[in-house]
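Observations on chain architecture
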Amino acid sequence: MSPRISIVGMGNTGTLAARRLLEAEPDIALTVYDIDPERCEDFRGSATLATSAREALAESDTIVLALPREREIDRTLERFSDGEVTALVAGKQIIDLAPPPAEQARRLGLAIAGAGGRYTPVLSGASEDAGARLVKVLLCPA
């Protein structure tokens, strides 16, 4: 069975990650979502185009966040002023391609764990792009 992966945030990082995943694993069950639906159109026919972040979260067991700021992460994971993640992430792996600074990432990881999910911040490397890092994390786990 093909892995089911959703990418939330289809700016440069998310688009590159989606292209790399489709190149590396053509049979992947990929779902993409962006607040601007036009950003997902290039993937029509090769991915499911979700109409909401909630739908993208529900479609997959692995969720890739390619969001520019912690505020967008909070909205996607339905994390409000109490810091708890209320989106349904139990049993899901959340991979963050643009994680917030270390302390915020730590708190986010605790909140995701409290909701039953697993959080993996993928830190950028000087010689590899986000798509290559994602493929490495997903297809070559340590």
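Going by the structure above, here's the rest.
Keep in mind the model is a prediction, meaning the values are calculated, not measured. (Residues numbered from 1 in each chain as written. Predicted model: local features only at pLDDT ≥ 70, side-chain atom pairs only at ≥ 80, totals over all residues. Heavy atoms only, no water.)

1. Brief notes about the overall build of the protein
When its secondary structure is counted, the protein shows five helices and six strands. A buried classification covers 44% of the 142 residues belonging to the protein. Restricting the contact set of the protein to residue pairs at least 6 apart, pairs at least 24 apart contribute 63%. Carbon and sulfur atoms provide 51% of the accessible area of the protein, an area that totals close to 7600 Å². (Helix = DSSP H or I, 4+ residues; strand = E, 2+ residues; numbered from the N terminus. Buried < 20%, exposed > 50% of the residue type's maximum accessible area, 1.4 Å probe, protein only. Contact = heavy atoms within 4.5 Å. Areas by Shrake-Rupley, 256 points an atom, 1.4 Å probe, with all protein chains shown as cover.)

2. Considerations on the nonpolar core
In this structure, Val8, Leu65, Leu77, Val85, Val89, Ile94 and Ile112 are the most contacted members of the largest nonpolar core, which totals 20 residues. Counting residues per element, the ones that place at least two in this core are helix H2 (53–59), strand E4 (62–65) and helix H4 (102–114). Per-element tally for this core: the top contributor is H4, with four residues. Beyond its immediate chain neighbours, meaning those up to four positions away, Ile94 contacts Ile63, Leu65, Val89, Ile112, Arg118, Tyr119 and Thr120. Of all hydrophobic cores here, the second largest spans 19 residues; its members include Ile5, Ala17, Ala66 and Val122. (Core = buried A, V, L, I, M, F, W, Y, C linked by side-chain atoms within 4.5 Å.)

3. Describing unusual backbone geometry
Phi is positive for Glu78, close to 50 degrees, though the residue is something other than glycine. Turning to its location among the elements, Glu78 is positioned in the loop between helix H3 (70–76) and strand E5 (93–96). According to the relative accessible area criterion, Glu78 is buried, its value standing at 15%.

4. Concerning the pairing of strand E6 (residues 118–121)
When E5 meets E6, the two strands line up parallel, connected through four bridges. Bridging from a neighbouring strand, Asp96 pairs with Pro121 of E6. Following the backbone out of E5, through H4 and into the adjacent parallel E6, one traces a crossover that is right-handed. (Pairing = 2+ DSSP bridges. Right-handed = clockwise from strand over helix to strand, strands pointing away.)

5. Structural notes on the environment of Ser52
Here Ser52 lies in the loop between strand E3 (48–49) and H2. For the pair Ser52 and Tyr33, spaced 19 residues apart in sequence, the C-alpha to C-alpha distance is 6.7 Å. Among the polar contacts listed, one links the side chain of Ser52 to the backbone nitrogen of Glu55, at a separation of 3.0 Å. (Polar contact = N/O pair within 3.5 Å; in protein donor to acceptor, adjacent residues only side chain to side chain.)

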